Amino acid sequence: MFHALKFENIEDIRVKEFVSIIKELLKAQSKIDNIELKITTEIEDAFISGKIDVCGKDISKFSEKQWSDFRGKNISMIFQEPMTSLNPMMKVGDQISEVLKIHGLVKSKKDAKSKVITMLDEVGIANPEVRYNSYPHELSGGMRQRVMIAMAVICEPSLLIADEATTALDVGTEAQILKLIKNMCRIHSMSAVVITHNMDVVAEICDYVYVMYMGRIIEHTDVKSLFECPSHPYTRGLLSSIPHIGENPEYLTTIPGNIPELGKELKGCDFCLRCSDDERICFFEKPNERQIAERHFVSCHLRTSEPTQLLESLCNLSIQRTANSSYKDYSLGSSPFCSLYLITY
């Protein structure tokens with residue numbers, strides 16, 4: 001048996017906090033949200049253990065009936081590609097109304113329509129009364145993603161999961177959608193887990209970041225510390241690969257080597273074969289997680305943490321604003337309501 005995913009004591013996600021999970025292996029990455037919402041199919045010989053605690057309830061032990069009542073109302077998700085997530089045979093208004101009806105949040109069809117139109121207007125869709133009767137193919141990519149956001153938040157869940165929610169969008173539309181997701185979570189007092197490999201997205205909206213490699217968390221800290229003082233060699237490699245504004249290098253910086261086979265368990269550190277700072281211990285012993293600063297943890301035998309200038313290197317983003325304003329205003333001092341512990345798959 002090997003571990004495709006292994007979370008060890010992910011910290012509490014605080015109210016209105018945006019937590020990012022950065023993952024290099026997208027297939028394993030998608031398993032994270034699937035397990036959290038129990039929408040993954042049964043896989044032969046799969047072993048899942050641990051717990052996912054939301055609002056004081058271990059949702060990993062839920063029955064199908066409990067999941068049906070909980071999913072959408074208490075925890076919801078924005079999928080990566082809205083065109084494949086929306087039903088092409090149903091009008092978008094009817095699809096959003098269905099969520100309200102399933103959870104018994106409306107008394108009549110008229111009441112449901114009124115709430116849906118209000119929500120469509122809230123997510124920035126022009127002429128919501130007209131768009132209520134539109135089919136998905138009649139909308140642009142940005143508008144379809146807004147419909148997905150409306151569907152995800154209309155029941156005002158406590159936790160929102162965004163799985164590469166802006167991957168299929170152009171840069172301009174991406175910025176609008178990110179701002180919309182952030183605002184909707186503030187308005188409705190929701191927390192969010194953002195699953196992505198896009199460092200720009202992390203810098204723009206996230207407060208706290210978990211970096212994963214080979215299914216394991218190797219570093220986690222607040223977004224400002226991650227970009228200013230990355231500690232794990234893999235994290236530094238990711239940030240070094242971001243092109244700097246005004247520079248035109250002949251070659252982009254890359255991490256040498258390839259990702260090991262997922263079923264191949266290494267005796268030492270999972271990153272040792274690609275690490276430029278490795279020493280003998282790295283090949284024979286897995287590193288334990290160590291705290292190197294307040295809310296900054298790393299799993300590395302030879303952790304180093306030197307300040308970088310990457311904050312100024314991301315195009316059209318203000319990490320300082322995100323880290324200082326959003327994190328302090330909406331995270332510190334808020335009570336935690338959600339935590340995830342040891343998921344092995």
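Residues numbered from 1 in each chain as written. Predicted model: local features only at pLDDT ≥ 70, side-chain atom pairs only at ≥ 80, totals over all residues. Heavy atoms only, no water.

Re the pairing of strand E5 (residues 75-78)
A regular strand places its side chains on the two faces of the sheet in alternate fashion.
Move 1: On E5, burial covers both faces: Ile75 and Met77 on one face and Ser76 and Ile78 on the other are all buried.
Move 2: Bridging between E5 and strand E6 (residues 159-163) involves 4 bridges; their strand directions are parallel. By the bridge assignment for E6, Ser76 is matched with Leu160. (Buried < 20%, exposed > 50% of the residue type's maximum accessible area, 1.4 Å probe, protein only. Helix = DSSP H or I, 4+ residues; strand = E, 2+ residues; numbered from the N terminus. Pairing = 2+ DSSP bridges.)

Brief notes about the packing of helix H4 (residues 92-102) against helix H5 (residues 109-122)
Move 1: Where H4 contacts H5, the two axes come as close as 9 Å, and the packing angle between them is 115°. Seen from above, H4 lies across H5 with right-handed handedness. Residue-level contacts link Gly93, Ile96, Ser97, Leu100 and Lys101 of H4 to Lys109, Ala112, Lys115, Val116 and Leu120 of H5.
Move 2: Here the contact of H4 with H5 is built from residues that sort into 5 nonpolar, 2 polar and 3 charged. (Axes fitted to C-alpha atoms, helices over the stretch in contact; angles between N-to-C directions. Left-handed = near helix turned anticlockwise from the far one by under 90°. Contact = heavy atoms within 4.5 Å. Nonpolar A, V, L, I, M, F, W, Y, C, P; charged D, E, K, R; others polar.)

Re the pairing of strand E11 (residues 296-299)
Move 1: Burial along E11 is two-sided: His296 and Val298 facing one way and Phe297 and Ser299 facing the other are all buried.
Move 2: Pairing of strand E9 (residues 216-222) with E11, which is carried by 2 bridges, proceeds in the antiparallel orientation. Bridging across to E11, Glu219 finds its partner in Val298.
Move 3: With 4 bridges connecting them, strand E10 (residues 289-293) and E11 associate as antiparallel partners. Following the sheet pairing, Arg290 is matched in E11 by Val298.

With respect to a nonpolar patch on the surface
Move 1: A surface patch of nonpolar side chains, about 300 Å² in accessible area, is lined by Leu273, Phe283 and Phe284.
Move 2: Take Leu273: it is sitting in the loop between helix H11 (233-240) and helix H12 (280-284).
Move 3: With a relative accessible area of 54%, Leu273 lands in the exposed category. (Patch = residues over 30% accessible without salt bridge, like charges linked within 9 Å, V, L, I, M, F, W, Y side chains within 5 Å. Areas by Shrake-Rupley, 256 points an atom, 1.4 Å probe, with all protein chains shown as cover. Salt bridge = Lys/Arg side-chain N within 4 Å of Asp/Glu carboxyl O.)

Here's the deal with the sheet that holds E5
Move 1: Strand order across the open sheet formed by 8 strands is E5-E6-E7-E2-E8-E9-E11-E10, with mixed pairing between neighbours. Each having just a single partner strand, E5 and E10 make up the two edges of the open sheet. Neighbour-to-neighbour, the strand axes of this sheet turn through a mean angle of 20°, independent of strand direction.
Move 2: Across the sheet, helix H7 (residues 141-153) touches E5 and E6, and the angle it forms with E5 is around 175°.
Move 3: Sitting on the sheet, H11 touches strand E2 (18-23), strand E8 (208-213) and E9, and the angle it makes with E8 is about 105°.

Quick notes on the packing of aromatic side chains
Move 1: This model, assessed by the stated rule, comprises 6 aromatic pairs.
Move 2: Pairing Phe62 with Trp67 gives two aromatic rings, centres 5.9 Å apart and planes at 70°, and the pair type is edge-to-face. The same class applies to Phe62 as to Trp67, namely buried.
Move 3: Consider the rings of Tyr234 and Phe271, whose centres lie 5.5 Å apart with planes at 70°: the pair is edge-to-face. With a gap of 37 residues between them, Tyr234 in helix H11 and Phe271 in the loop between H11 and H12 connect regions that are remote in the sequence. (Phe/Tyr/Trp six-rings, centres within 6.5 Å; stacked < 30°, edge-to-face > 60°.)

A word on helix H8 (residues 171-187)
Move 1: Compared with an ideal rise of 1.5 Å per residue, which puts 17 residues at 24 Å, H8 spans 24 Å between its outermost C-alpha atoms and is within 8% of the ideal.
Move 2: All of the buried residues in H8 are Thr173, Glu174, Ile177, Leu178, Leu180, Ile181, Lys182, Met184 and Cys185.
Move 3: Between the side-chain oxygen of the N-cap and the backbone nitrogen of Gly172 there are 3.1 Å, and the N-cap of H8 in question is Asp170.
Move 4: Where H8 ends, the next residue or the one after it, Ser189, has phi of about 55°, a positive value. (Expected span 1.5 Å × (residues − 1). Polar contact = N/O pair within 3.5 Å; in protein donor to acceptor, adjacent residues only side chain to side chain.)

Structural notes on the confidence of the model for the chain
Move 1: Looking at the chain, pLDDT values average 78 and 76% of them are 70 or higher.
Move 2: Across the chain, the secondary-structure element scoring lowest on mean pLDDT is helix H13 (residues 319-330), at 36, and the one scoring highest is helix H6 (residues 128-131), at 96.
Move 3: Segment residues 39-44 is flagged for pLDDT under 50; beyond a separation of four residues in sequence, or across chains, it makes 8 contacts in the model.
Move 4: Low pLDDT (under 50) marks residues 305-345, which in the prediction has 139 contacts with non-local residues, meaning those over four places away or in another chain. (pLDDT = per-residue confidence, 0-100.)

Regarding unusual backbone geometry
Move 1: The backbone of Glu156 shows a phi angle near 50°, a positive value even though the residue is not glycine.
Move 2: Summarising the element assignment, Glu156 is placed in the loop between H7 and E6.
Move 3: Under the relative-accessibility criterion, Glu156 is labelled partly exposed at 49%.
Move 4: Backbone geometry places Arg295, a non-glycine residue, at a positive phi of 55°.
Move 5: Within the secondary structure, Arg295 is located in the loop between E10 and E11.
Move 6: For Arg295, a relative accessible area of 11% gives the class buried.

Here's the deal with the nonpolar core
Soluble globular proteins tend to bury their nonpolar side chains together.
Move 1: Ile149 and Ile181 are the most contacted members of the largest nonpolar core, which totals 65 residues.
Move 2: With 8 residues, H7 is the largest single contributor of residues to this core.
Move 3: When residues no more than four places from it in sequence are discounted, the contact partners of Ile181 are Phe18, Ile78, Ile149, Leu160 and Ala165. (Core = buried A, V, L, I, M, F, W, Y, C linked by side-chain atoms within 4.5 Å.)

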